[in-house]
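Geometric and topological summary
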Amino acid sequence: MTNDPLKALNKKLKDNWTQYLLAVISIAVFIAAWHLYAAYLHENDSGYQGYIPYPLDVAEALVDSFRYEDPNLGLTMFDHIAASLERILLGFVIAIVIAVPLGLLMGTFRKADAVGRPIVELIRPIPPLAWIPIFIVVLGMLWGPVAIVALGIFFPVLLNVMFGVRSVEPTLMDAAKTLGANRSQMFLKVVLPFTTPYLMTGVKVGLGIGWMCIVAAEMVGNYGGGVGYFIKDTADVGAFEYMYAGMIVIGLLGILTTGVAGLIEGRLSRWMGMK
Amino acid sequence: MDGHEVNPCIDIQDLFKTFVKGRKEVRALANFSLAVPDAQFVCLLGPSGCGKTTVLRILAGLETKSGGMVKVKGREVSRAGSDRGMVFQEFALFPWRTVRKNIEFGLEIRNMPETERRKLSSKYIDLVGLGGFEDAHPKELSGGMKQRVGIARALANEPAVLLMDEPFGSLDAQTRNLMQKELLRIWSATRKTILFVTHSVDEAVFLADRIVVMTARPGKVREDIAVDLPRPRDRTSSDFISVRGRVLAELDEEFEKARAKELSPD
Ligand SMILES: Nc1ncnc2c1ncn2[C@@H]1O[C@H](COP(=O)(O)OP(=O)(O)OP(=O)(O)O)[C@@H](O)[C@H]1O
Ligand SMILES: [Mg+2]
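Residues numbered from 1 in each chain as written. Chains lettered and ligands numbered in written order. Predicted model: local features only at pLDDT ≥ 70, side-chain atom pairs only at ≥ 80, totals over all residues. Heavy atoms only, no water.

This part covers helix H9 (residues 240-271) of chain A. All names here are of chain A. In this model H9 runs 46 Å from its N-terminal to its C-terminal C-alpha over 32 residues, within 8% of the 46 Å that 1.5 Å per residue would give. Considered for burial, the residues of H9 that qualify are Phe 240, Met 243, Ala 245, Gly 246, Val 249, Ile 250, Leu 253, Gly 254, Ala 261, Glu 265, Gly 266 and Ser 269. In the core, the buried residues of H9 are packed alongside helix H2 (55-67), helix H3 (77-108), helix H7 (183-219) and helix H8 (227-236). Downstream of H9 by a residue or two, Gly 273 has a phi angle that is positive, lying close to 75°. (Helix = DSSP H or I, 4+ residues; strand = E, 2+ residues; numbered from the N terminus. Expected span 1.5 Å × (residues − 1). Buried < 20%, exposed > 50% of the residue type's maximum accessible area, 1.4 Å probe, protein only. Contact = heavy atoms within 4.5 Å.)

Residue and element names in this part refer to chain B. Here four strands make up an open sheet; going across it, the order is S2-S1-S4-S5 and the pairing antiparallel. The sheet is open, and its two borders are formed by strand S2 (24-36) and strand S5 (75-76), each paired with just one other strand. Two elements, strand S1 (residues 10-21) and strand S4 (residues 67-72), share five bridges in a ladder whose sense is antiparallel. What sits directly across from Ile 10, in S4, is Val 72. Contacts between helix H1 (residues 52-60) and the sheet are confined to S1, S2 and S4, with S1 contributing the most and set at about 110° to the helix. (Pairing = 2+ DSSP bridges. Axes fitted to C-alpha atoms, helices over the stretch in contact; angles between N-to-C directions.)

Any pair of aromatic rings gets described here by the distance separating the centres and the angle formed by the planes. Summed over the entire model, instances satisfying the criterion amount to 14 aromatic pairs over all chains. Ring geometry for A:Phe163 versus A:Tyr198: centroids 5.7 Å apart, planes at 70°, classification edge-to-face. Placement of the pair is A:Phe163 in helix H5 (residues 132-167) and A:Tyr198 in helix H7, with a sequence separation of 35 residues. Ring plane angle 45° and centroid distance 5.8 Å describe the contact between B:Phe41 and B:Phe196, whose orientation is recorded as tilted. Residue B:Phe41 is located in strand S3 (residues 41-45), and its partner B:Phe196 is located in strand S8 (residues 193-197); the two are separated by 155 residues in the primary sequence. In this structure B:Phe41 comes out as buried when scored by relative accessible area, which is 0%. (Phe/Tyr/Trp six-rings, centres within 6.5 Å; stacked < 30°, edge-to-face > 60°.)

With that out of the way, let us pick up the site of ligand 1. Residues and elements named next belong to chain B. If you check the shell around ligand 1, you find 14 residues, and the closest are Ser 48, Lys 52, Thr 53, Thr 54 and Arg 217. The side chain of Ser 48 places a nitrogen or oxygen atom 2.7 Å from an oxygen atom of ligand 1. In the environment of ligand 1, an oxygen atom lies 2.8 Å from a nitrogen or oxygen atom belonging to the side chain of His 199. Its free accessible area being 630 Å², ligand 1 has 69% of it covered by the protein chains. Broken down by element, the residue count for the shell around ligand 1 peaks at three residues, all from H1. (Near = heavy atom within 4 Å. Polar contact = N/O pair within 3.5 Å; in protein donor to acceptor, adjacent residues only side chain to side chain. Areas by Shrake-Rupley, 256 points an atom, 1.4 Å probe, with all protein chains shown as cover.)

So, on to the pattern of salt bridges. Scanning the model with the defined rule gives 30 salt bridges over all chains in all. A:Arg117 is the salt-bridge partner of A:Glu121, the closest N and O atoms lying 3.8 Å from each other. Linking A:Glu121 with A:Arg117, this pair stays in helix H4 (residues 110-123), spanning four residues, or about one helical turn. Under the relative-accessibility criterion, A:Arg117 is labelled partly exposed at 32%. Between B:Arg244 and B:Asp202 there is a salt bridge, and its shortest N-O distance comes to 3.5 Å. A residue pair is termed long-range when its members are at least 10 positions apart, and B:Arg244 in helix H8 (residues 238-263) and B:Asp202 in helix H7 (residues 201-207) qualify at 42 residues. (Salt bridge = Lys/Arg side-chain N within 4 Å of Asp/Glu carboxyl O.)

Time to look at the side chain of B:Thr98. Its place among the elements puts B:Thr98 in the loop between strand S6 (84-87) and helix H2 (99-103). On the accessibility criterion, B:Thr98 (15% relative accessible area) is buried.

As a further point, take the sheet that holds strand S9 (residues 210-214) of chain B. All names here are of chain B. Taking strand neighbours across the sheet as the criterion, the six strands line up as S6-S7-S8-S3-S9-S10 in an open arrangement whose pairing is mixed. The sheet terminates laterally at S6 and strand S10 (221-226), the two strands that pair on one side only. Neighbouring strand axes in the sheet, compared pairwise and without regard to direction, differ in orientation by 20° on average. The sheet contact formed by S6 and strand S7 (residues 161-165) spans four bridges and is parallel. Across the sheet, the residue bridging to Val 87 is Met 164, located in S7.

Once that is clear, we can look at the interface of chain A and chain B. Taken together, the contacts link 21 residues of chain A with 25 residues of chain B. Of all residues in chain A, A:Thr178, A:Leu179 and A:Lys189 bury the most surface against chain B, accounting for 36% of the area lost on that side. Linking chain A with chain B are four residue pairs in polar contact (both at pLDDT 80 or more). For the side of chain A that touches chain B, the secondary-structure elements that each account for two or more residues are helix H6 (170-178), H7 and H9 of chain A. Considering every element that reaches the side of chain A that touches chain B, the biggest residue donor is H6(A), with seven residues. Looking at the side of chain A that touches chain B, its residues break down into 11 nonpolar, five polar and five charged. (Buried area = accessible area lost by both parts, 1.4 Å probe. Nonpolar A, V, L, I, M, F, W, Y, C, P; charged D, E, K, R; others polar.)

Turning next to H1(B). Given 3.6 residues to a turn, an α-helix orients residues that are three or four positions apart in the same direction. Residues and elements named next belong to chain B. Taken across its nine residues, H1 has eight buried, putting it largely inside the fold. All buried positions along H1 are accounted for by Lys 52, Thr 54, Val 55, Leu 56, Arg 57, Ile 58, Leu 59 and Ala 60. One or two residues past the end of H1 sits Gly 61, with phi positive at roughly 85°.

Below, the structure written as structure tokens:
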């Protein structure tokens, strides 16, 4: 409507401001409601008050979890986060190393798709967690959980890469051909760059799933700490404010990783001139 | 101009093309013959679906022929190659490459050293009037600017012929007129042989040395019309209007035939 860039910028800043304000208000209202509910349970001595601690107590537990080692394993929250991050990172690398070439292959060649597709469709619907028992036994305490994360990240990456390869515009391939490109040059200079933003979308989705996988995997066994293990362990001994603190850490880490992946995705697409 | 030159740049004789889709066969071209001498600007006109794009794609090596002979610069066409440049209606620019990198695509393919590449791309950036836009990405450009990139990219490979498939088809009227003038300027600077497909009779009469009107599918040459008007051409001159009228009449007749055929399929 308006062509004045200054006006447009002002409007954008204002929009952002209201957005931030609303976000802060929404979170504040949520915490206030939580506090009131906890107070209500405590005052009536309902017997449930232990399950719903005051937000302030959870905040204190959150800070303490970083400052002090837990009595059980002797680990701080930093150690737990490091343990979970290590598993996610290893799983991520393994998933990428296998899913990207496979996705390129299955996206490019009908035969490869015909061979790979049935297996993919067979394994994909199985929740990665269903593999925990066998993976832990066969792969052990480190690589078992890593394999579960890898499995969770694998499919969104594979499918997005395949989709990216299939989405390459035929006229771009024609253009490359008329400019003298051979098959391998068309793959390197057209298919690969075209597929990169799709890969990043797969990575973003995969990392979200990866966090769910690792927390759940850590809750059913102790492989040497991890935030999921922290949640399970503190709940078992009835330290619910610590349990909630662990859940908040997971939530924040999830937002952080997918946020960073999303940022990279956006930057990359823009840098590549595709968005 | 009657197509019997000694050494035509483009030499097509009795070209056949039948598309086979499952059990269905579409005869796109039959007995299509055309000879174009060096540096001539030929416009290809014809009813929709008559095989214009197919002719260009076979010349470019993007499509195989079903029969006949297709030669460019005396060499039988068998596959795509950098001696034939193509300009697409949808521009077909690489969105992740800047203007300069788009233009250098064919040069990279040939492993030309960077300094040489730069020199050549700069030359064509200047030629098509893209100075100052070297580092822009295609999405930042208007349609007319995009097609300048498309033309420069094809020219940078220094092909013998330029194949253009409705290159200005998606541009607005003003931009289209401007690009027509620009193309004539570029053509007189490079003296390429140009085969230019269009649906616009006006565009064809403004641009071409020679207008080839095709029959309805299966396409062949219906009429070969020399346009001997001096350039720059005046669209309002009586000569221009009379040539336009002649081409239009030919086209209308073929269009009616195509429609009749559509209504009673064989
Ligand atoms: N790959 C293909 N498979 C099957 N049929 C095709 C294929 N390409 C073109 N055809 C058919 O061949 C005929 C000629 O197509 P072509 O695209 O060459 O026509 P055109 O003259 O360029 O049409 P337009 O003016 O609409 O661009 C059409 O009937 C079209 O449907
Ligand atoms: Mg066409």
